[in-house]
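Residues per chain are reported as follows:
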Amino acid sequence: MNLQIEIDDGSGFCFGVTTAIQKAEEELSKGNRLYCLGDIVHNGMECERLRMMGLITINHEEMGRLHDAKVLLRAHGEPPETYEMARRNNIEIIDATCPVVLQLQKRIKRQYEAHSGQIVIFGKKGHAEVLGLVGQTEGNAIVIEHVDDVVHLDFSRDIYLYSQTTKSLDEFHHIIDYIQSHISPSATFRSFDTICRSVANRMPNISEFAKRHDLILFVCGRKSSNGKVLFNECLRVNANTHLIEGPEEIDLSWLKGIRSVGICGATSTPKWLMEQCRDALQQL
C-alpha cells in the first residue's frame, strides 16, 4: 500500500531562530571560537549539530568567568545585566535577539520608566524571553502564566499588560476580558498585543494540517514551550498525534491501517529533522 507523507510547509524555524543559527554558522565558519548563552534553540539535535561545528553552550555563571571572548545571544533576548557583564569582562556580543522581542523589551522599558502602575507580562515564568522582559523593569514586572493568576493583581492600581511573543492569542484575550471587568473605574488599564504573528498564525494552520492526515508525527524537542502548545493543538483535532524528538522514536505499530502521515513541528524544529523522519518512514 502506498503511504502518503506530507511535511507541513509552515513548520520549522521562525525568522528569529533562523537568523541566530545563521549568525552562529557564519562566525564558526571563520574558525572563531564562539560561545552561546543558553541553548541556541530548544532542540537537542540542532544544538548537537552546531556543537560539532564548534559552538560552545554556556550558562550565565560560566559567562561571568569568561573574558575577551565572543558570545552569541540567541533569539529569546537577555536582561540588561547580561550586557553589563559583557562590558565588564570585555566580551564581544553577537546579538541575535529576535527583532520582535527587542521591540517588546524597548516598549516595556519605556513604560516602566514613565509610569508607576503594574507592568504585567503574560508568559512562562523562568522562560529566557520572559527573564529578558522582566529585566527591563529591574525585576518589578509581574508574570502571569494563566488566566487564573490574574486574580493576584491589584485592580485598584493601573495595569499595563504585555505578552511573551509566543503565547496563545485566545488566552491573552481572556486575560484582557477579566482585567477589563475587574479594574477599578479610577485605574487605567492598557493592553499591548505583542504576540508574534508568524508564531500565532501557526496555530490555525497546523490545526488544518492535522485534520488532513490519518497520523500526525509532531517532531519537537520536549523542552520547547511553543512545541507543547502546537502539539496540543494537533492532538485536539487529531487524536492520532504522537510527539517524537527524532526518527528513532517512530513506532511501527502506529502505521497499521494508515494511509497518510503528516509531519510537522515547532518553531524550534529544523526542517532537516522533519525530512529525516520522512525518510525513515519511507524506509519502514
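Residues numbered from 1 in each chain as written. Predicted model: local features only at pLDDT ≥ 70, side-chain atom pairs only at ≥ 80, totals over all residues. Heavy atoms only, no water.

Draft legend 1. Structural detail: the overall build of the protein. Within the protein one finds eleven helices and twelve strands. At 21 Å, the protein has a C-alpha radius of gyration in line with the 19 Å of a compact globule built from 284 residues. The dimensions of the protein, computed from C-alpha atoms along their principal axes, are 65 × 50 × 25 Å. Out of the 284 residues in the protein, the part that is buried amounts to 50%. Entry remark: accessible area of the protein is about 13900 Å², with carbon and sulfur atoms responsible for 49%. Distance between charge centroids for the protein: 2 Å, based on 31 positive and 38 negative side chains. (Helix = DSSP H or I, 4+ residues; strand = E, 2+ residues; numbered from the N terminus. Rg over C-alpha atoms; globule rule 2.2 N^0.38 Å. Buried < 20%, exposed > 50% of the residue type's maximum accessible area, 1.4 Å probe, protein only. Areas by Shrake-Rupley, 256 points an atom, 1.4 Å probe, with all protein chains shown as cover. Lys, Arg positive; Asp, Glu negative; His and termini not counted. Charge placed at Lys NZ, Arg CZ, Asp CG, Glu CD.)

Draft legend 2. Representation of the pattern of salt bridges within the structure. Tallied over the entire structure, the rule returns 15 salt bridges. Glu 84 is the salt-bridge partner of Arg 87, the closest N and O atoms lying 2.5 Å from each other. Here Glu 84 and Arg 87 lie together in helix α4 (residues 80-88), a separation of three residues that amounts to about one turn. Exposure remark for Arg 87: the relative accessible area of 58% places this residue in the exposed category. The closest approach of N and O atoms between Arg 278 and Asp 279, which form a salt bridge, is 3.2 Å. Three or more residues joined by partner-sharing salt bridges are found here, namely Glu 25, Glu 46 and Arg 49. (Salt bridge = Lys/Arg side-chain N within 4 Å of Asp/Glu carboxyl O.)

Draft legend 3. A look at the pairing of strand β2 (residues 34-37). Residue alternation in β2 divides its side chains into two sets, Leu 34 and Cys 36 and Tyr 35 and Leu 37, and both sets are buried. Pairing analysis gives four bridges linking β2 to strand β3 (residues 55-58), with the strands arranged parallel. Bridging across to β3, Leu 34 finds its partner in Leu 55. Considered for its hand, the β-α-β crossover made up of β2, helix α2 (residues 44-53) and β3 is right-handed. Sheet topology note: the β2/strand β4 (residues 70-73) ladder contains three bridges and is parallel. Directly across from Tyr 35, in β4, lies its bridge partner Val 71. (Pairing = 2+ DSSP bridges. Right-handed = clockwise from strand over helix to strand, strands pointing away.)

Draft legend 4. Expanded view of the sheet that holds strand β8 (residues 159-163). Taken in spatial order, the four strands of this open sheet run β7-β6-β8-β9, and their pairing is parallel. Each of the sheet's edge strands pairs with one partner strand only, and the pair in question is β7 (142-144) and β9 (189-191). Each neighbouring strand pair of the sheet contributes to a mean axis angle of 20 degrees, computed without reference to strand direction. Of the strands in this sheet, β6 (118-122), β7, β8 and β9 are in contact with helix α7 (residues 169-182), which crosses β8 at around 175 degrees. (Axes fitted to C-alpha atoms, helices over the stretch in contact; angles between N-to-C directions. Contact = heavy atoms within 4.5 Å.)

Draft legend 5. Seen up close, α4. Among all positions in α4, only Thr 82, Met 85 and Ala 86 are buried. The buried residues of α4 occupy an angular sector of 100 degrees when projected down its axis, which confines them to one face. Among the exposed residues of α4, those pointing more than 90 degrees away from its buried face are Arg 87 and Arg 88. Check the buried side of α4 and you find it contacts β2, α3 (60-64), β4 and β5 (92-95). Within two residues after α4, Asn 90 carries a phi angle of roughly 50 degrees, on the positive side. (Arc of directions from axis to C-beta.)

Draft legend 6. How the structure looks around the sheet that holds β4. Strand order in the open sheet formed by four strands is β3-β2-β4-β5, with parallel pairing between adjacent strands. In the strand order of this sheet, the two ends are held by β3 and β5, each with one partner. Ignoring which end each strand starts from, the neighbouring axes of this sheet average 35 degrees apart. Relative to β4, helix α1 (residues 15-29) is tilted by about 165 degrees, and along the sheet it contacts β2, β3, β4 and β5.

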